[in-house]
Amino acid sequence: MRVKQHTTILHAKNVRKSYGTRSNVQQVLKGIDLRVGEGEFVGIMGSSGAGKTTLLNVLATIDRATEGAILIGGSDISKMKDAELSAFRRDKLGFIFQDYNLLDTLTVKENILLPVSLGKMKKKVAEAEFNSIADILGIKDLAHKYPHEISGGQKQRTSAARALINKPSMVFADEPTGALDSKSASSLLGTMEDVNKKRGVTIMMVTHDPVASSYCSRVVFLKDGNIYSELYRGDKTRQAFFQDILNVQGVLGGDSVDTI
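Please read all numbers here as calculations on a predicted model, not as lab measurements.

J.: Explain the overall build of the protein chain to me, using residue names and the numbers behind them.
T.: Along the protein chain, the regular secondary structure elements total eight helices and ten strands. The globule rule puts the C-alpha radius of gyration for 260 residues at 18 Å, and the 18 Å found for the protein chain is close to it. Out of the 260 residues belonging to the protein chain, those deemed buried represent 47%. Taking the intrachain contacts of the protein chain between residues at least 6 apart in sequence as the baseline, contacts between residues at least 24 apart amount to 69%. Surface accessibility of the protein chain: about 13000 Å² in total, with carbon and sulfur atoms responsible for 46%. In the protein chain, the 35 positive side-chain charges and the 29 negative ones have mean positions that sit 5 Å from each other.

J.: Go over the layout of surface pockets with me, naming the residues and quoting the values.
T.: Approximately 390 Å³ is the volume attributed to the second largest pocket. Looking at the second largest pocket, it is lined by 16 residues, and the ones nearest its centre are R90, L93, F95, P115 and R162. Among the elements of the structure, α2 (82-92), β6 (93-97), α3 (108-117) and α5 (152-164) are those that each provide at least two residues to the lining of the second largest pocket. At four residues, the largest contribution of residues to the lining of the second largest pocket is made by β6. For the lining of the second largest pocket, the residue count by class is nine nonpolar, four polar and three charged.

J.: Any chance you could break down the nonpolar core for me, citing the residues and the numbers?
T.: M192, M205 and F221 are the most contacted members of the largest nonpolar core, which has 44 residues in total. The element contributing the most residues to this core is helix α6 (residues 182-199), with five residues. Not counting chain neighbours up to four residues away, the residues in contact with M205 comprise F41, V42, G43, I44, A173, P176, L189, M192, A212, S213 and C216. One finds V36, A50, F88 and V206 within the second-largest nonpolar core, a separate group that totals 30 residues.

J.: Just give me the short version of the pattern of salt bridges, but keep the residues and values in it.
T.: Applying the stated criterion across every chain yields a total of twelve salt bridges. Of the charged contacts in the structure, one is a salt bridge between E127 and K109, with a shortest N-O distance of 2.6 Å. On the criterion of sequence distance, the pair formed by E127 in helix α4 (residues 123-136) and K109 in helix α3 is long-range, its members being 18 residues apart. Overall, the relative accessible area of 30% leaves E127 in the partly exposed class. Here K236 and D244 are joined by a salt bridge, their closest N and O atoms 2.3 Å apart. Each of E40, R218 and E230 takes part in one network of salt bridges that share partners.

J.: Account for helix α8 (residues 238-252), naming residues and giving values.
T.: Between the first and last C-alpha of α8 there are 21 Å, a value that for 15 residues agrees with the 21 Å anticipated at 1.5 Å per step. For α8, the full list of buried residues reads F241, F242, I245, V248, Q249 and L252. Down the axis of α8, the sector holding all buried residues measures 125 degrees, keeping them to one side. Away from its buried face by more than 90 degrees, α8 exposes G250 and V251. Here the buried face of α8 lies against β3 (41-45), α7 (210-213), β9 (218-223) and β10 (226-232). Trailing α8 by a residue or two, G253 shows a phi angle of about 80 degrees, which is positive.

J.: Before we move on, can you summarise unusual backbone geometry with the specific residues and values?
T.: Located in the positive-phi region is N14, a residue other than glycine, with phi close to 50 degrees. Within the secondary structure, N14 is located in strand β1 (residues 8-21). Relative accessible area serves as the criterion here: at 33%, N14 is assigned to the partly exposed category.

How each quantity is defined
- Residues numbered from 1 in each chain as written.
- Predicted model: local features only at pLDDT ≥ 70, side-chain atom pairs only at ≥ 80, totals over all residues.
- Heavy atoms only, no water.
- Helix = DSSP H or I, 4+ residues; strand = E, 2+ residues; numbered from the N terminus.
- Rg over C-alpha atoms; globule rule 2.2 N^0.38 Å.
- Buried < 20%, exposed > 50% of the residue type's maximum accessible area, 1.4 Å probe, protein only.
- Contact = heavy atoms within 4.5 Å.
- Areas by Shrake-Rupley, 256 points an atom, 1.4 Å probe, with all protein chains shown as cover.
- Lys, Arg positive; Asp, Glu negative; His and termini not counted.
- Charge placed at Lys NZ, Arg CZ, Asp CG, Glu CD.
- 1 Å grid on protein atoms, 1.4 Å probe; cavity = no way out; pocket = protein on both sides within 12 Å on 5 of 7 lines; lining within 4 Å.
- Points joined across faces, edges and corners; volume = space filled by probe spheres on them.
- Nonpolar A, V, L, I, M, F, W, Y, C, P; charged D, E, K, R; others polar.
- Core = buried A, V, L, I, M, F, W, Y, C linked by side-chain atoms within 4.5 Å.
- Salt bridge = Lys/Arg side-chain N within 4 Å of Asp/Glu carboxyl O.
- Expected span 1.5 Å × (residues − 1).
- Arc of directions from axis to C-beta.

This is the structure we're talking about:
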């Protein structure tokens, strides 16, 4: 199968992550080499303890790797000081978490605009960007509601809009459908796929769910802190790609899931 070539946006070289002291060291990542192309939608899968959330955290600047280099948009984040890293995270990256991480005292619109209020985006530009993203995500009519007044699916769409508002180089999503019912999850994933294709947003998503991964353009499987295999969707239907993912997960001994 011919794989579409992308300009590399993320390059991880021999990334290792260990926890503990010298006498009791736990190696979680054991030398990960990974490239992510601009505009890709990459899923990260693996059984519990494989290192997928740790990998996401070190690539997304939430945690630091023990060894190796991580380049995002040509910038080596592994060499940045804390203040520089914080600014890079704010200006260049977007995050979608399982538990939404919305501020209860802010409206939907205020939560979405929070990242740009800390940056340099002009108010008029921010307003236009909010209208565009809120429209795509179907939450424009919720702008003045508070988190406690909306559903879980709407909260996660708000979280996704906040991740996209400052036009990040990459969006990192950690189990974004984990707290959602199947209908809300499918709706969010369909929108993420749409945003990926129409706006060219590069997304990396950790998930245990093959249904969620079937929306991706590529799935990377981890086993014991190493990359075990990769699958490319190419021109396959979601149903066919889902079956391929299930087959690999079966070999890895992954979690059982509902059918697509």
